[in-house]
Amino acid sequence: MLKRLLDSPWTYFSLAGLLLVVLLVSYVEVRTPTRPHGSVSDIRALAQRKDTNVVFVVIDTLRADHLHCYGDPRETSPVMDDLASTGIRFARTVSQSSWTKASMASMWTGTWPGRTGIARWMHSIPPEATMPAELFQQAGFYTVGIWRNGWVAPNFGFQQGFNTYIRPKPLPGPNGFQKRTASAGALVGTDEDLTRAAAEFLAAYGHKRFFLYLHYMDVHQYAYDEVSGKFGTSYADVYDNAIHWVDRNVGAVLHELQDRDLQRKTVIIVSADHGEGFREHGLEGHARTLYREVAEVPLILSLPFELSPGIVVPQTVANVDIWPTILDLFGLPALADADGRSLLPLIEAAARGERVAFDRPAFAEIDRSWARPNVDPDRLIAVTQGPYRATRQLAPGKEQDVEYYDHTQDPWEAKNLALPKNGGTRTLPLELAQSLDGYLNLPPASWGKPREVHLDEMELNQLRALGYEIK
Ligand SMILES: [Zn+2]
């Protein structure tokens, strides 16, 4: 028996394989420098440091509740879960629109969508607006944006403040790579292109102080490789496969940081521009409604040190709060005219186990005719306030079409409480109606109205490749 084992080449292959695995594992353990441990008192001290960087990850179309760390029993997101458990997780974050461009304009400027006015496909953020990348650039950071969604392209004003702002070169994906919309003209490339470009950037510029924005698209595209294709084949399963694939891409960026011993010098933010509907309210996709499935997104903040345990911030916050918070964390000037607030007081209170009131209403808006230039606006506005979300339509003749939901009784917004029991006019409670009135009375942003850009047929086709019908 022993002789047979010793004579068999498989014995040696197996031993060699085992040795390799042991070596690889110990290599990873030795090579992966962990971040130091820190505590809540180290958070404010970050503003004094001169060696910290920003990695800002946006995962397009990522609804919060499909992440394991947000309660999904499936392990869709081990990398993001780890960032959350050693950092700060905001339990409930409201995005400002269910359409990328409107949402991203509000996120970057920290301003409610009714004030940016960025609502339709030809709108562009004017150069007079101050963008966070400009403030980081002025503070000496090398600023890079890498994106695959044409709605954040330079012609819509999103390049302001970036030294480099690129769509990465598309390469064929890994083995067995698939996407739901495989039609001709679909978005080319994969999110691996973005990860590769990020690695190239870190290799070239990682020694400088940097601000890196990565806008992942494969959750939007329902795209994934063989390894991540494990949750099934239904519409929602494939969405989870794509989350797992993008989570692994985020993990690859973290490894690049760790290999350069940069995670101990980097603040990482993971966020999303909007969620995705799976017919909870009759519609698949996004950019048409403002229900919870398209409105609520993850928000995770990882610091240059590990928190143990991680902090969970329970209050409802909004994407407009992201940059006021990060600028505060870095001790940089605040955004001009922002509606968002620094969340550092909420983080510190959560770390101390204190519950502080934060009853600021969070607004969202979608113009449902955003893709039709010759059609009048069809605005839908929403407020999330306390346990309620209320919506109101603004188009003539639709003003009575109000809805509101009580999340304590009805977390997924099935029962519109504005419907009168015995017929008659739908009504909102006074407080919610007044919040929406107040939102409509807010002045436009101080930098003025959106610019209008002309898009040629090729640019329009690139946007149509995302699956939108643009007239
Ligand atoms: Zn989007």
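Residues numbered from 1 in each chain as written. Predicted model: local features only at pLDDT ≥ 70, side-chain atom pairs only at ≥ 80, totals over all residues.

## A closer look at the overall build of the protein
And then number 1: Regarding its fold elements, the protein presents 14 helices and 19 strands.
And then number 2: In terms of overall dimensions, the protein is globule-like: its C-alpha atoms have a radius of gyration of 23 Å, near the 23 Å expected for 471 residues.
And then number 3: Burial analysis of the protein (471 residues in total) assigns 46% to the buried set.
And then number 4: The contacts of the protein with a sequence gap of at least 6 include a subset with a gap of at least 24, amounting to 68%. (Helix = DSSP H or I, 4+ residues; strand = E, 2+ residues; numbered from the N terminus. Rg over C-alpha atoms; globule rule 2.2 N^0.38 Å. Buried ≥ 20, exposed ≤ 12 C-beta atoms within 10 Å, placed from the backbone. Contact = placed C-beta atoms within 7 Å.)

## So, the environment of methionine 458
And then number 1: Looking at where methionine 458 falls in the secondary structure, it is placed in helix α14 (residues 457-464).
And then number 2: On the basis of neighbour counts, which here come to 7 C-beta atoms within 10 Å, the residue methionine 458 falls in the exposed class.
And then number 3: Separated by 123 residues in sequence, methionine 458 and leucine 335 place their C-alpha atoms 34 Å apart.

## So, helix α4 (residues 78-85)
And then number 1: Of all the positions in α4, only Met80, Leu83 and Ala84 are classed as buried. Buried residues in α4, looked at end-on, bunch into an arc of 100°, giving them a common side. (Arc of directions from axis to C-beta.)

## Quick look at the nonpolar core
And then number 1: In terms of nonpolar packing, the biggest core is built from 123 residues, with Val57, Ile59, Leu212, Leu214, Tyr216, Ala242 and Val313 touching the most fellow members.
And then number 2: Among the elements that take part in this core, helix α9 (residues 235-259) stands out by supplying nine residues, more than any other.
And then number 3: Residue-level mapping places this core at the junction of two domains, with at least three residues from each of domain 1 (37-351) and domain 2 (362-464).
And then number 4: In contact with tyrosine 216, other than residues within four places in its own chain, are Val57, Val58, Ile59, Asp60, Asp191, Leu194, Val246 and Asn249. (Core = buried A, V, L, I, M, F, W, Y, C linked by C-beta atoms within 7 Å. Domains from an automatic or database assignment.)

## Section: unusual backbone geometry
And then number 1: In this structure, proline 309 follows serine 308 across a cis peptide bond, with omega equal to 0°.
And then number 2: Note that proline 309 resides in the loop between β13 (306-307) and β14 (311-318).
And then number 3: Look at aspartate 337: it is not a glycine, yet its phi comes out positive at around 65°.
And then number 4: On the secondary structure map, aspartate 337 appears in the loop between α11 (322-329) and α12 (344-351).
And then number 5: Exposure remark for aspartate 337: the 16 C-beta atoms within 10 Å place this residue in the partly exposed category.

## Looking at the sheet that holds strand β15 (residues 362-367)
The strands making up a sheet are joined through hydrogen bonds of the backbone, oriented either antiparallel or parallel.
And then number 1: If you walk across this open sheet you meet the four strands as β15-β16-β17-β18, and the pairing is antiparallel. Looking along the sheet, the strands with just one partner apiece sit at the ends: β15 and β18 (403-406). On average, each strand axis in the sheet is inclined to that of its neighbour by 15°, with strand direction left out of account.
And then number 2: Both strand β16 (residues 379-385) and strand β17 (residues 388-393) contribute to a ladder of six bridges, which runs antiparallel. Note that in β17 the partner of leucine 380 across the bridge is glutamine 393.
And then number 3: Of the strands in this sheet, β15, β16, β17 and β18 are in contact with helix α13 (residues 430-440), which crosses β16 at around 125°. (Pairing = 2+ DSSP bridges. Axes fitted to C-alpha atoms, helices over the stretch in contact; angles between N-to-C directions.)

## Looking at the packing of helix α8 (residues 191-205) against α9
And then number 1: Their axes nearest at 10 Å, the elements α8 and α9 cross at an angle of 10°. In terms of their interaxial angle, α8 and α9 are classed as roughly parallel. Residues Asp191, Glu192, Thr195, Ala198, Ala199 and Leu202 of α8 touch α9, and the partners they reach there are Val246, Asn249, Ala252, Val253, Glu256 and Leu257.
And then number 2: Tallied by class, residues from the contact of α8 with α9 come to seven nonpolar, two polar and three charged. (Parallel < 35°, antiparallel > 145°, perpendicular 65-115°, else oblique. Nonpolar A, V, L, I, M, F, W, Y, C, P; charged D, E, K, R; others polar.)

In short, geometric facts, not functional conclusions.
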